[in-house]
Amino acid sequence: MSEAKRIGVIRDINGPIVTVELPGVRSGEQVKIGELGLFGEVISLRGREAVVQTYESTEGVRPGEPAVGLGWPLSVELGPGLMGGIFDGVQRPLEKIALQSGDYIRRGIAVPALERAREWEFEPNRELTPGNRIGPGTVLGTVQETPTVLHRIMVPPGVEGDLLEVAPAGAYDIESTIARVRDPRGLSHRLSMYQRWPVRKPRPYLRRDDGISPLITGQRVIDTFFPQLKGGKGAVPGPFGAGKTVVQQQIARWSNADIVIYVGCGERGNELVDVLESFPELDDPYSGRKLMERTLLVANTSNMPVVAREASVYVGITMAEYYRDMGYDVVMLADSTSRWAEALREVSGRLGQMPVEEGYPAYLASRLAAVYERAGRVETYGAGSGSVTLIGAVSPPGGDFSEPVTSHTKDIIETFWALSKELADARHYPSIDWVTSFSKHVHTAAQWWHQEIDPDWEKRRTAALALLARDAELSRIVNLVGPEALSDAQRWELEGASLVKEGVLQQSALDEIDTFCSPHKQFALLDLAITIYKRGAALIKLGVPVSELQHLPLMAKMRRLKSLYASDQLDQIVAFHGEVEQTMESVRLEYAKHGEAV
Amino acid sequence: MSIKDYRTAIEARGGLLIVKDTASVAFGDRVHIRDHAGHSRNGQVIRSADNEVLILVFEGTDDLDLENTWVRFLDEPVEIALSPEILGREFNGLGEPRDGRPPVLSSIRRPVGGSAINPAARTYPREFIQTGISTIDGLNSLVRGQKLPIFSGSGLPHNRLAAQIGRQAKLVDEDTSFSVVFAAMGVSYADAKFFRDEFATSGVLRNVVMFINLADDPPVERLTLPRTALTAAEYLAYDLDRHVLVILTDMTNYAEALREVATAKGDVPARKGYPGYLYSDLAEIYERCGRIHERHGSITMMPVVSMPSDDITHPIPDLTGYITEGQIVLSRELHNQGIYPPVHISPSLSRLMKDGIGKDDTREDHPRVAAQIYALYARAQETRNLASIIGADELSERDRRYLSFADAFDERFVGQGEAEDRSIEATLNLAWELISMFPRDMLTRVKETDLAKFYQGSD
Ligand SMILES: Nc1ncnc2c1ncn2[C@@H]1O[C@H](COP(=O)(O)OP(=O)(O)OP(=O)(O)O)[C@@H](O)[C@H]1O
Ligand SMILES: [Mg+2]
């Protein structure tokens, strides 16, 4: 599609949907609209006419103005300079745009994603020598993109042949030639440090692999109860205000990924600013470096044009695949996929397509599945294995999970962190509902936990879930006949469940200490809650009244423990474990003495 | 383009007018229409094809006689004139005076549609605003640049609350007061008068701009009114460096007008007949508020949304909640108990509270005491439900304590006078007084150090 530009004329402007007369233009081709030069994309063809969706507001555009077909589909630039940046839904660098056009985004402004003038220290791959056969994914060299991210400069897909030369170490801008290659037809190609890739086409890899290790997010209810794997796909559905964005931002902050891509898709401007302002200050618990050095933002806020919202998810995932191809574990967060689906709906509505459910077009489910399918762990061409984990927020109207986007998503994903309004209203955060949430990865994750943390992980997890289930059952009884109907043993079960909820599940993102919880600390807290419950249950069997246990100071301490000691103060938690055993034992002894005396 | 009057209107329905044989007309442009009686109407081009345009007529299309309708395309966007003189004035949705005084003359004219703020140009809002209302300041704090709606129902005192906030809002250690942009869509004459009187008696009228569309004014004008009002707010905030509080009432009337027009256009409906783009449309309005780098002024927004049949899942409050940074929810039950302001804290939320409170902003213990109140109140609500089933007498001693806490909380913390302007200090002290009804070991959300400093109980 790279021949000459085609020039045509605008016929009809209907909001973001513009009909142009532009014979020969192809479906998916980029088109510049009108005198302002607004960018758009052909979404359908009808005779000599093409329907274009524009990424910018069409205000002021008139019929009769020119439309220019650019000859290529919506593509992104991939190369050093992406990390730490913030881009709009079609990969325009928002910080640079702010310098040029001020506080508001001027229409028709075209700024390339990667800075042309900046030079990068290129270190050639010493293993390559001229004459080597190279192909897609071959690492030509590296650039230290940020202190945390070593950017591997790779041969782009589609290029293959004999290496003629690689540039020596030195500073180059991204357009300089850093390698030359002769393809089998004898044609020589120059390679630079960046490549372009059409966003709607998944980047190729050698083969798909299964996920094997859990993505550690530092959030107990996720890691311990509903684990995600590196390369997995997950969804966070929930009504407004339930905590979807906080969950996603917590994962962006604390997960053990190499690269984080955060796509703000149709959500609030301030939430992106929150990331932009806080990440440069926060330390990555794994590398000790600043979080922003491994993070990249894509922003199409709710007030930005709807069509670019649809594109933003593809732009994000293409960049994610690119870093995956370097052998990295990438996490992409999309907040919110519902807004993306609504953008689809809006365009389809304007095209007069037949809606099927709640106005959504028939292809909603297949588009959703195709996006999530781009997640996964793969064997890359040249850099070992890499993964893209994709986690999408879902914003169901009225919090109704049976609506189309939530229900289709649920069929596609592997982890489902369902947020509940009741829990959020009670300020139980994260409000991930342990009854309706699920993870298909518990078994795989268990292997990791058993090997790395503790062989009793799965047992403790099951015990905790069992307590929570009992809690629901007993609460129903209480609501029918009152608490007096419960035996001491049953009351203690309620108390145990409450320890699990308050001492383990609840985790405030705002608590300086508890915002991140290492796997060791996660297990230690879980183990403690279950131990307290079990020891207590044994005592109650011996006749100790539940009220005596309820008022033990260790009960309050267990609830506070998570924010008393940080992940590197495990010794304190171990010490408390000792205290618990001692206290319980002394209650037992006292009771035994007491019992004998009577 | 030469100015030409077209007499080629071929269709009029539901606020929409179709004119054919037009020359190339710009999408979004302003239109002037003269009807058979010689009256002027205003419109905007919402679809422009080769030789046919679709016009949204703000005054509506009732009573148009197509043969005798003259349409002129003004070759400019819909815009308003701005000057410091707008303060103290009253306009309609198009920025035309409603107060009988002459129009604003100024060389500064801005299109009302606005454009998207570059997220990279925003600054995170973090300056605590004291509203003097305990349930807001203590538990759902408002910060400068936030959009925090009031979710209400018919007959509930949302207007009184909004007016009280407009009167009392201030920064704790700064005496800049807010300029108020008041935007009323489809409100009753009595409600508009209430606000006017309210601003007059509290002496802030000189600092207020009002944009008013009454219940019997044309509904289509409601679509442009909040945009016009926000354009004025942006002018006050970013040209005149003022801190602006925008009160939009009632967004439900706005959304209904939007649905009316969408239906006439034949747009595919999503939920309850509202068009699929209601979310984006509302976001265009709400997201105009915030803080911007190196700008001294700011825009804080309090939209009023009345929930049809008190249903928070209705598309209007629902989509609003998905865009705004929290919500203050009013409860009919509390209102019926005579509690003012009847703020139901459980579904209420302020998402920007976290960075505006605490040690350097309000008081060190603030975030934790708020969390503690919420935890206790949530449990107390469960206990109330239980008591309503099995009777309060059947409750344990512990549960009864929750009940008395909840009652005291509703009455003393939630309830306050319409003229009562509580300091944040007073609000937090009251919070401690109430949570001190519980023994220390039940207060697990606060720190030991907080307890040592503020606990007022006996044990
Ligand atoms: N883990 C958490 N710790 C502390 N507070 C939390 C947590 N999760 C959520 N919250 C609180 O809930 C508020 C709303 O959360 P969030 O913004 O993530 O909701 P959301 O589901 O993304 O809503 P929307 O759909 O409207 O965007 C937060 O501002 C915060 O006050
Ligand atoms: Mg969110």
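Counting restarts for each chain: residues are numbered from 1 in the order of the written sequence. Whichever chain is written first becomes A and whichever ligand is written first becomes 1, with later ones labelled in order. Side-chain atom pairs in this predicted model are given and counted only at pLDDT of 80 or more, local residue features only at pLDDT of at least 70, and totals for whole chains, interfaces and linings cover all residues. With hydrogens and water stripped out, all remaining heavy atoms of the structure feed into the side-chain values.

How should the packing of helix α4 (residues 221-239) of chain B against helix α6 (residues 278-286) of chain B be read in this particular structure?
The description of two helices packed together rests on the angle between their axes and the distance between the axes. Residue and element names in this part refer to chain B. Lines fitted to C-alpha atoms define the axes, with helix axes restricted to the stretch in contact, and inter-axis angles between N-to-C directions lie between 0 and 180 degrees. To qualify as a helix, a DSSP run of H or I must reach at least 4 residues; to qualify as a strand, a run of E must reach at least 2; elements of each kind are numbered from the N terminus. At a minimum axis distance of 9 Å, the contact between α4 and α6 shows a crossing angle of 25°. Viewed along their axes, α4 and α6 adopt a mutual orientation that is roughly parallel. Between α4, through Pro226, Arg227 and Leu230, and α6, the contact on the second element is made entirely by Asp281, Glu284 and Ile285. Angular relationships are summarised with four words: roughly parallel below 35 degrees, roughly antiparallel beyond 145, roughly perpendicular across 65 to 115, and oblique for the angles in between. We call two residues contacting when some pair of their heavy atoms lies within 4.5 Å.

I keep staring at the environment of Val414 of chain B and nothing clicks. Help me out?
Residues and elements named next belong to chain B. Structurally, Val414 can be placed in helix α10 (residues 397-414). Between the alpha carbons of Val414 and Tyr340 there is a distance of 7.3 Å; along the sequence they are 74 residues apart. What Val414 contacts, discounting residues up to four positions off in sequence, is Thr135, Leu334, Ile339, Tyr340, Pro341, Val343 and Phe409.

Can you help me understand the pattern of salt bridges in this one?
Once the charged atoms of two side chains with opposite charge are near each other, the side chains can pair. Residues and elements named next belong to chain A. Definition used for salt bridges: Asp or Glu carboxyl oxygen within 4 Å of a side-chain nitrogen of Lys or Arg. All told, the structure shown has 84 salt bridges over all chains when counted by the stated rule. The residue Arg289 makes a salt bridge to Glu293 at a minimum N-O spacing of 2.8 Å. In this scheme, a residue with accessible area under 20% of its type's maximum is buried, one over 50% is exposed, and one in between is partly exposed, where area comes from a 1.4 Å probe on protein chains only. Using a relative accessible area of 13% as the deciding quantity, one classes Glu293 as buried. Linked by salt bridges that have partners in common, Glu267, Arg268, Glu271, Arg339 and Glu342 make up one network.

What is the right way to look at the domain arrangement of chain A in this model?
It is common to give the size of an interface as the accessible area lost on bringing the parts into contact. Domain start and stop positions are those given by an automatic or database domain assignment. Taken as a whole, chain A is organised into domain 1 (6-74), domain 2 (118-196), domain 3 (207-440) and domain 4 (457-597). One C-alpha centre belongs to domain 2 of chain A, the other to domain 4 of chain A, and the line joining them spans 58 Å.

Looking at this structure, I do not really get the UniProt feature "binding site: ATP" (unreviewed entry) in chain A. What am I missing?
Residues and elements named next belong to chain A. Taking the numbering used here, the UniProt-annotated feature "binding site: ATP" (unreviewed entry) corresponds to Gly238, Pro239, Phe240, Gly241, Ala242, Gly243, Lys244 and Thr245. Tracing the chain through its elements places Ala242 in the loop between β19 (233-237) and α3 (244-254). Those residues in contact with Ala242, other than ones at most four positions away along the chain, are Leu419, Ala424, Tyr429 and Ser431. With residues up to four places along the chain from it excluded, the contact list for Thr245 reads Tyr262, Glu271 and Asp335. UniProt positions are given in the numbering used here, feature names are shortened, and annotations may be inferred rather than shown by experiment.

Would you take a moment to explain the sheet that holds strand β13 (residues 161-166) of chain A for this structure?
Whether parallel or antiparallel, the strands of a sheet pair through hydrogen bonds between backbone atoms. All names here are of chain A. Strand pairing requires that DSSP identify at least two bridges connecting the strands. One open sheet holds the 4 strands; their spatial order is β10-β13-β15-β16, and the pairing between them is antiparallel. Edge positions in the open sheet fall to β10 (133-134) and β16 (188-191), since each of these has one partner strand only. Note that β10 and β13 share 2 bridges and pair antiparallel. By the bridge assignment for β13, Arg133 is matched with Asp162.

Before we go on, may I ask you to explain the UniProt feature "domain: ATPsynthase alpha/beta subunit barrel-sandwich" (unreviewed entry) in chain A in this structure?
On the UniProt side, "domain: ATPsynthase alpha/beta subunit barrel-sandwich" (unreviewed entry) is annotated at positions that read residues 111-200 of chain A here. In residues 111-200 of chain A, the share of helix is 0% and the share of strand is 46%. The end C-alpha atoms are 21 Å apart.

So what exactly am I meant to see when it comes to the UniProt feature "domain: ATP synthase A/B type C-terminal" (unreviewed entry) in chain B here?
Here, UniProt's "domain: ATP synthase A/B type C-terminal" (unreviewed entry) annotation points to residues 355-455 of chain B. Between the end C-alpha atoms of residues 355-455 of chain B there is a gap of 25 Å, over a span that is 61% helix and 0% strand.

When you look at the domain arrangement of chain B in this model, what are you seeing that I'm missing?
All names here are of chain B. You can read the domains of chain B as domain 1 (5-77), domain 2 (81-354) and domain 3 (366-454). Inter-centroid distance (C-alpha atoms) of domain 1 to domain 2 is 30 Å. Overall, the association of domain 1 and domain 2 removes approximately 900 Å² of surface from exposure, summing both partners, and the carbon and sulfur fraction of that is 71%. For the pair domain 1 and domain 2, the number of links is 0 salt bridges. At the level of elements, β5 (40-49) and β6 (52-57) are the ones that each hand at least two residues to the side of domain 1 that touches domain 2. Looking at the side of domain 1 that touches domain 2 residue by residue, the class counts come to 7 nonpolar, 4 polar and 3 charged. Each of two parts loses accessible area, computed with a 1.4 Å probe, when they are put together; buried area is these two losses added. As a working rule, the residues Ala, Val, Leu, Ile, Met, Phe, Trp, Tyr, Cys and Pro are called nonpolar, Asp, Glu, Lys and Arg charged, and the rest polar, with Gly in that last group.

Looking at this structure, I do not really get a nonpolar patch on the surface. What am I missing?
Residues and elements named next belong to chain A. Taken together, Ile477, Leu480 and Val481 make up a surface patch of nonpolar side chains, about 290 Å² in accessible area. Topologically, Ile477 is positioned in helix α11 (residues 457-481). By relative accessible area, Ile477 is classed as partly exposed at 35%. Excluding any residue in a salt bridge, patches collect residues exceeding 30% relative accessible area, merging like charges within 9 Å and nonpolar Val, Leu, Ile, Met, Phe, Trp and Tyr side chains within 5 Å. Each accessible area is a Shrake-Rupley estimate made with a 1.4 Å probe; only the visible protein chains count as cover when residues are assessed.

Even after reading the chapter, I still don't get the packing of aromatic side chains, so can you show me in this structure?
Geometry of an aromatic ring pair is reported as the spacing of the ring centres plus the angle between the planes. In this scheme Phe, Tyr and Trp rings, the latter by its six-membered ring, pair at centre separations within 6.5 Å, and the angle between planes marks the pair as stacked below 30 degrees, edge-to-face above 60, and tilted otherwise. One pass over the full model with this rule turns up 23 aromatic pairs over all chains. Between Phe416 of chain A and Phe438 of chain A, the ring centres sit 5.3 Å apart and the planes meet at 20°, which makes this aromatic pair stacked. Pair noted here: Phe416 of chain A is in strand β27 (residues 415-416) and Phe438 of chain A is in strand β28 (residues 438-439), with a separation of 22 residues, a long-range link. In textbook terms, an aromatic cluster arises when at least three aromatic residues are bridged by ring pairs, as seen for Tyr377, Tyr402, Phe405, Phe409, Phe413 and Phe438 of chain B. Taking NZ or CZ as reference, Arg345 of chain A lies 4.5 Å from the ring centre of Tyr360 of chain A, over its face. In this scheme, Lys NZ or Arg CZ marks a charge over a ring once it lies within 6 Å of the ring centre and within 35 degrees of the ring normal. Directly above the aromatic system of Trp70 of chain B lies the positively charged group of Arg34 of chain B, at a separation of 5.0 Å from the ring centroid.

What is the right way to look at the packing of α10 of chain B against helix α11 (residues 424-435) of chain B in this model?
Residues and elements named next belong to chain B. In contact at an axis separation of 10 Å, α10 and α11 are set at 160° when each is read in the N-to-C sense. Considering their axes alone, α10 and α11 lie roughly antiparallel with respect to each other. The two elements α10 and α11 meet at a crossing, and its hand is right-handed. Across from Phe405, Ala408, Phe409, Arg412 and Phe413 in α10, the residues of α11 making contact are Thr427, Leu430, Ala431, Glu433, Leu434 and Ile435. In terms of residue class, the contact of α10 with α11 is built from 8 nonpolar, 1 polar and 2 charged. It is the rotation of the near helix from the far one that decides the hand of a crossing: anticlockwise by less than a right angle makes it left-handed, clockwise makes it right-handed.

Honestly, the interface of chain A and chain B in this entry has me stumped. Any pointers?
Taken together, the contact pairs 79 residues of chain A with 78 residues of chain B. With both chains or domains summed, chain A and chain B bury close to 6,300 Å², and 50% of this area falls on carbon and sulfur atoms. In this structure, the connection of chain A to chain B is made through 9 salt bridges. Per-element accounting of the side of chain A that touches chain B gives the leading share, 7 residues, to helix α4 (residues 269-278) of chain A. Its residues assigned to classes, the side of chain A that touches chain B shows 28 nonpolar, 23 polar and 28 charged.

How do you make sense of unusual backbone geometry when you look at a structure like this?
One can expect most non-glycine residues to show negative phi and most peptide bonds to be in trans. Cis rather than trans, the peptide bond between Tyr429 of chain A and Pro430 of chain A has omega equal to -10°. Here Pro430 of chain A shows up in the loop between α9 (421-425) and β28. Even without being a glycine, Ser309 of chain B presents a positive backbone phi close to 45°. For Ser309 of chain B, the position within the fold is in the loop between β20 (298-306) and α7 (315-323). By relative accessible area, Ser309 of chain B is classed as exposed at 75%.

Help me out: how do you make sense of the site of ligand 1 in this one?
One heavy atom suffices: a residue is near a molecule or strand as soon as one of its heavy atoms comes within 4 Å of it. Around ligand 1 sit 19 residues, and of these Lys244, Thr245, Val246 and Arg268 of chain A together with Arg351 of chain B come closest. Close to ligand 1, residues of chains A and B are found. One of the side-chain N or O atoms of Lys244 of chain A is found 2.6 Å from an oxygen atom in ligand 1. N or O atoms closer than or at 3.5 Å make up a polar contact, with two conditions inside protein: a donor-capable atom paired with an acceptor-capable one, and, for residues adjacent in sequence, both atoms drawn from side chains. A distance of 2.7 Å separates an oxygen atom of ligand 1 from a polar side-chain atom of Arg268 of chain A.

What am I meant to see in the pairing of strand β7 (residues 70-77) of chain B here?
Looking down a regular strand, the side chains alternate between one sheet face and the other. Residue and element names in this part refer to chain B. With 2 bridges connecting them, strand β1 (residues 5-6) and β7 associate as antiparallel partners. Bridge pairing in β7 links Asp5 to Arg72. When strand β4 (residues 29-34) meets β7, the two strands line up antiparallel, connected through 5 bridges. If you follow His32 over to β7, its bridge partner there is Arg72.

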